[in-house]
Amino acid sequence: MNNKIMIPFILTIVFSVLLGVTFFLPLASANEEYSEVISKFSSEKAMAGSDYTYGDLKDISMFKFAGIYKVGLSSKEVDDYGTAESTICFVLIILTAIFTVLTILFSVLKKPIPLLIFDVLTFGVFRLLMWDMGDRNVLPSSNYDIGIAGTLYYVCFVILAVAAIGLIIMKIQSKKQNTDQTV
């Protein structure tokens, strides 16, 4: 592999893995006022049907949101609207996870076109989830601000897209040079 292609390839590896790590970083962070409230009740159970305490919900990752919405799917204390809400969010989170894994896979396999496609799909589903959470005043809200993961999804999307496009261009140029040399 020539040195020009190495830089975008390394960028795709690093930022696709960062995209995967982002799934476990805080998507929602309790604001200062709510953090104080949570601290007072940190060891108390926060939700019926789950093992989450209030302390666990100070910073909520996409992974924790999946657990919360999974509880909402099976809880008898949730009405039909809440169950539908939980189902939609749970599916969007699972799709984000699947598309992220595929983004990492195609990054490792040096396949820039599928990498770009799944990067766009990951970001699109993430944005749909964030729109839904914003529309329902879940995130951001009076208790929670958007955490570091919310920013990193944007950063990873842009860098992965640019690096994938760079790889596509470099591969085309490399093929063109190889055909020019053989003629």
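> I would appreciate a short explanation of the environment of Asn-143 in the present structure.
Mapped onto the elements, Asn-143 comes out in the loop between helix H5 (112-135) and strand S3 (144-146). A sequence separation of 85 residues divides Asn-143 from Lys-58, and the C-alpha atoms of the two residues are 9.8 Å apart. Among all residues touching Asn-143, those that are not within four sequence positions of it are Ser-29, Ala-30, Asn-31 and Tyr-34.

> Hey, could you run me through a positive patch on the surface in this one?
A surface patch of positive charge is lined by Lys-110, Lys-111, Lys-171 and Lys-175. Among the structural elements, Lys-110 can be located in the loop between helix H4 (80-108) and H5. Lys-110 gets classed as partly exposed once you look at its relative accessible area, which sits at 36%.

> Would you mind going over the sheet that holds S3 with me for this structure?
In sheet architecture, strand pairing relies on hydrogen bonds along the backbone and comes in two forms, parallel and antiparallel. Spatially, 3 strands are ordered S2-S1-S3 in an open sheet, and the strand pairing comes out antiparallel. On the outer flanks of this sheet lie strand S2 (59-61) and S3, each paired with one strand and no other. Strand-to-strand, the axes of this sheet are offset by a mean angle of 25 degrees, without reference to chain direction. As paired strands, strand S1 (residues 26-30) and S3 are joined by 3 bridges and run antiparallel to one another. Among the inter-strand pairings, Ala-28 is bridged to a residue of S3, identified as Ile-146. Contacts from helix H2 (residues 32-40) reach S1 and S3, with the element oriented near 80 degrees to S1. Those strands touched by helix H3 (residues 62-74) are S1 and S2, and its axis lies near 85 degrees from that of S2.

Rules of the game
- Residues numbered from 1 in each chain as written.
- Predicted model: local features only at pLDDT ≥ 70, side-chain atom pairs only at ≥ 80, totals over all residues.
- Heavy atoms only, no water.
- Helix = DSSP H or I, 4+ residues; strand = E, 2+ residues; numbered from the N terminus.
- Contact = heavy atoms within 4.5 Å.
- Patch = residues over 30% accessible without salt bridge, like charges linked within 9 Å, V, L, I, M, F, W, Y side chains within 5 Å.
- Areas by Shrake-Rupley, 256 points an atom, 1.4 Å probe, with all protein chains shown as cover.
- Salt bridge = Lys/Arg side-chain N within 4 Å of Asp/Glu carboxyl O.
- Lys, Arg positive; Asp, Glu negative; His and termini not counted.
- Charge placed at Lys NZ, Arg CZ, Asp CG, Glu CD.
- Buried < 20%, exposed > 50% of the residue type's maximum accessible area, 1.4 Å probe, protein only.
- Pairing = 2+ DSSP bridges.
- Axes fitted to C-alpha atoms, helices over the stretch in contact; angles between N-to-C directions.

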